Amino acid sequence: MASFFGVIVSDPWLQSQFTQFELRSLQSNFMSAKRESGRVTVQDLPSVLAKLKALRETLEGEEISEILGESDADTGQEIDFEAFLRAYLTLQNRATVKLGANNHSWEFLKATTTTLLHTISESEKAAYVAHINSYLGEDPFLKEYLPLDPTTNDLFNLAKDGVLLCKLINVAVPGTIDERAINTKKIINPWERNENHSLCLNSAKAIGCTVVNIGTQDLIEGRPHLLLGLISQIIKIQLLADLNLKKTPQLVELVDDGKDVEELMSLSPEKVLLRWMNFHLKKAGYKKPLNNFSSDVKDGEAYAYLLNVLAPEHCSPATLDTKDPSERAKLILEHAERMNCKRYLTPKDIVEGSPNLNLAFVAHIFHHRNGLSVDSKKISFAEMMPDDVLVSREERAFRLWINSLGIATFVNNVFEDVRNGWVLLEVLDKISPGSVNWRHASKPPIKLPFRKVENCNQVVRIGKELKFSLVNVAGHDIMQGNKKLILAYLWQLMRFNILQLLKNLRSHSEGKEVTDADILDWANDRVRRTGRTSRMESFRDRTLSNGLFFLELLSSVEPRVVNWNIVTKGVSEDEKRLNATYIISVARKLGCSIFLLPEDIMEVNQKMILTLTASIMFWSLQQPSEDSEPSAPEEAVPQRVVTPSDGGEDDGSLTDGLSNPNIGDDISSENENPPEEDP
């Protein structure tokens, strides 16, 4: 297997100021400028750095020149990559100050993995450590290392081998990772550690985490702010897992009719939790509706009312009578403790309005005592709703894929969120840059229906330009929420993305169009070259249901990745499921970004089978030499050091392929909206 490719600089402090994603992007800009003129000088810096969107949206070109001119350096002096990074940091700090002065700094800091501020919340760290100790304390492998001490760096040190994060993902969404694929040894080599982190990151994306700016090297280094951000997302997914009608049909009590049920289904879990809390607060006589889990709960009054209505037997008049917010927060947590719901929060966290911890606290209360009725009529109404509305495997796969692309809008429900056309335009612009005419697009919120139709018409027009099959499809169909047409369009989007990525590997495709047949032939050829006789006749081939062909394919591109001792014959349904689960984890362990479920392999879902095969092909073709045998990396060197002089190639992970095909010249654009312009 190819060793990890990382960007390393000699100054540890400077290294710590950037994620690997940012280092790769900045190095790409530096090398591009260097190729143009043979070297980069002090005089070149303003023009090179002014091209970066993260800076140019805040600082004018003259400001950049003025700031860099303060150094009094010789303008003809050649600079290296580290000097380039230091210049960028100087401008970044000035941009932060300027944004703060304009009271718009939240826009610059909205990315969860920003490097502008590397502070971490000790309260959050303590809460997450307590969560890990509670849920993983009896894990056969981890119990030797638990409980963790929240006052130390035990959490970050233990996370460096990837096992903890993989186990935590399985706690959040059981069965996501086949634990037989995790490398669990007391001492693991660099290969195995990188495999664990690839498995972790690709599995995190597959449960809905946003990991656009995080790489395996960041996890290997145990960067506290990135690790806490990822752990926070994983725990939040676990705590909010039941906030839907399928898991908790009693939630139907929050709405009055069928139309409201559809609206409830389109809400994010956080919004459902807010609606639940407001539902009880209204019953309790609380007059102010909550809009967030931060400033709206800082005074503690909402908590006092909520707990009093959920557990009146434990209520104390003193909670509302006291005027001191800190004292009230203390009484609230005492009330919660009597309900066995005191977790994640301290009085200080309530008073300071910690959004993550307050959300976790409310979700914990919901799990223990949601206070919803058991009205049989309403519950039966929710239970009778067809499964393809409540949960759709294809909708799930497309939703997770879209969210992995790093577009500005987060999709909670595909069928609802694409109806205004904006999300689809963002995706099209991501996978086919320049295809969208933003002057003719309307940005949400969109009140006028014809503006939504205009967006959707442009979506259909671009689809036809990309040669999608859209016979008798109009923008109005998308705006009306036609599920069949939406899924068909999204499948063609995903397929186009995959085929373009394969085409762009010019050394293998020579720039020619890649077809489904090319992918099929490649897979059969790889397996045949290992001396095996298995063959895939088509992506609908029913013999694929036992999983053996894909295990042979994975073994053909990386012989050491499959443990044949645990592979079953795939005869019974249980054996097929074991193989399918293992296939998905092994592929993610290699670096494939895939969103299918074991059922997709067992039932031979043609679309998902194609994406799985193409993902393995994409990973394989990125390796230095398909035909060469892998050589073991040096134990003392966990990654190849990439310097500006060697071109700074990226790692071979499909995490940066399907999810992030175009880094471009902008390290902040992953979370930026396209320009909003009047139609």
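In every chain, residue numbers begin from 1 and rise along the written sequence. The model is predicted, so local features are restricted to residues of pLDDT at least 70 and side-chain atom pairs to those at 80 or more, both for listing and for counting; the totals for chains, interfaces and linings are taken over all residues. Based on all heavy atoms of the structure, the side-chain values leave hydrogens and waters out of the count.

Draft legend 1. Molecular detail of the confidence of the model for the protein. Residue-level confidence of the predictor is what pLDDT reports, using numbers from 0 through 100. This prediction gives the protein a mean pLDDT of 83; 82% of its residues lie at or above 70. Contacts were defined at the residue level, with two residues in contact if any of their heavy atoms lie within 4.5 Å. This model gives residues 100-117 a pLDDT under 50, and the stretch forms 30 contacts once residues within four places in sequence are excluded. Of the regions scoring below 50 in pLDDT, residues 626-673 engages in 133 contacts with residues more than four places distant in sequence or in other chains.

Draft legend 2. Summary view of the packing of aromatic side chains. Here a pair means two rings of Phe, Tyr or Trp (six-membered ring of Trp) with centres within 6.5 Å. Their orientation is stacked below 30 degrees between planes, edge-to-face above 60, and tilted elsewhere. Throughout the structure, instances matching the rule amount to 11 aromatic pairs. Ring centres of Phe30 and Phe81 lie 5.6 Å apart, and the angle between their planes is 55 degrees; on these two criteria the pair is classed as tilted. Of this pair, Phe30 sits in helix 2 (residues 20-37) while Phe81 is found in helix 6 (residues 81-101), placing the two residues 51 residues apart along the sequence. The residues Phe30 and Phe81 share a single accessibility class, namely buried. With 5.2 Å between their ring centres and 90 degrees between their planes, Trp276 and Phe366 make a pair best called edge-to-face. Of this pair, Trp276 sits in helix 15 (residues 269-284) while Phe366 sits in helix 20 (residues 355-368), and the two are 90 residues apart along the sequence. A ring is scored as having a charge over it whenever the NZ atom of a lysine or the CZ atom of an arginine sits within 6 Å of its centre and within 35 degrees of its normal. In this structure, Lys483 packs its charged tip against the face of Phe415, placed 5.3 Å from the ring centre. Arg532 extends its terminal NZ or CZ atom over the ring of Trp564, reaching a point 4.8 Å from the ring centre. Here a strand is any run of E in DSSP of at least two residues, a helix any run of H or I of at least four, and the numbering for each starts at the N terminus. Think of it in three bands: with a 1.4 Å probe and only protein chains considered, a residue is buried below 20% of the maximum accessible area for its type, exposed above 50%, and partly exposed in between.

Draft legend 3. The arrangement of helix 5 (residues 61-68) in detail. For helix 5, the set of buried residues is Ile64, Ile67 and Leu68. Along the axis of helix 5, the buried residues cluster in a sector spanning 90 degrees; they form a single face. In this structure, helix 5 carries Glu62 and Glu66 as exposed residues pointing more than 90 degrees from its buried face. Summarising the geometry, the arc corresponds to the directions from the helix axis toward the C-beta atoms.

Draft legend 4. Seen up close, a negative patch on the surface. There is a patch of like negative charges on the surface, built from Asp324, Glu327, Glu334 and Glu337. Within the element layout of this structure, Asp324 appears in the loop between helix 17 (318-321) and helix 18 (325-338). The patches described consist of residues with a relative accessible area above 30% and no salt bridge, like charges being joined within 9 Å and nonpolar side chains (Val, Leu, Ile, Met, Phe, Trp, Tyr) within 5 Å. Per-residue accessibility takes into account occlusion by the displayed protein chains alone, with areas from the Shrake-Rupley method and a 1.4 Å probe. A carboxyl oxygen of Asp or Glu within 4 Å of a side-chain nitrogen of Lys or Arg is what we treat as a salt bridge. None of His or the chain ends enter the tally, which takes Lys and Arg as positive and Asp and Glu as negative. For the purpose of locating charges, the reference atoms are NZ of Lys, CZ of Arg, CG of Asp and CD of Glu.

Draft legend 5. Broad picture of the nonpolar core. Buried Ala, Val, Leu, Ile, Met, Phe, Trp, Tyr and Cys residues that are joined via side-chain atoms within 4.5 Å together make up what is termed a nonpolar core. Among the nonpolar cores identified, the biggest contains 173 residues, and Leu230, Leu273, Trp276, Met277 and Leu493 are the most heavily contacted of them. It is helix 28 (residues 483-503) that contributes the most residues to this core, 12 residues altogether. Aside from chain neighbours lying at most four places away, what touches Met277 is Leu290, Phe293, Val297, Ala302, Tyr303, Leu306 and Val362. Within the second largest apolar cluster, 30 residues are counted, among which are Val9, Leu23, Leu26 and Phe30.

Draft legend 6. Seen up close, the packing of helix 10 (residues 163-172) against helix 11 (residues 190-206). Axis lines are fitted through C-alpha atoms, for helices just across the contact stretch, and the angle between N-to-C directions can take any value from 0 to 180 degrees. At a minimum axis separation of 8 Å, helix 10 and helix 11 run at an interaxial angle of 30 degrees. Here helix 11 runs roughly parallel to helix 10, going by the angle between their axes. Handedness of the helix 10/helix 11 crossing: left-handed. Only Asn196, Leu199, Cys200, Ser203 and Ala204 of helix 11 make contact with helix 10, whose side of the interface consists of Val163, Leu165, Cys166 and Ile169. Partitioning the contact of helix 10 with helix 11 into residue classes produces seven nonpolar, two polar and no charged. Angles are sorted into four bins: roughly parallel if under 35 degrees, roughly antiparallel if over 145, roughly perpendicular if 65 to 115, and oblique for all others. Less than a right angle of anticlockwise turn of the near helix away from the far helix marks a crossing as left-handed, whereas a clockwise turn marks it as right-handed. In this count, Pro and Cys sit with the nonpolar residues alongside Ala, Val, Leu, Ile, Met, Phe, Trp and Tyr, while Asp, Glu, Lys and Arg are called charged and the others, Gly among them, polar.

Draft legend 7. Here's a closer look at the side chain of Ser404. Looking at where Ser404 falls in the secondary structure, it is placed in helix 23 (residues 393-404). N or O atoms closer than or at 3.5 Å make up a polar contact, with two conditions inside protein: a donor-capable atom paired with an acceptor-capable one, and, for residues adjacent in sequence, both atoms drawn from side chains. Within the local environment of Ser404, its side chain forms a polar contact with the backbone oxygen of Trp401, the two atoms lying 2.6 Å apart.

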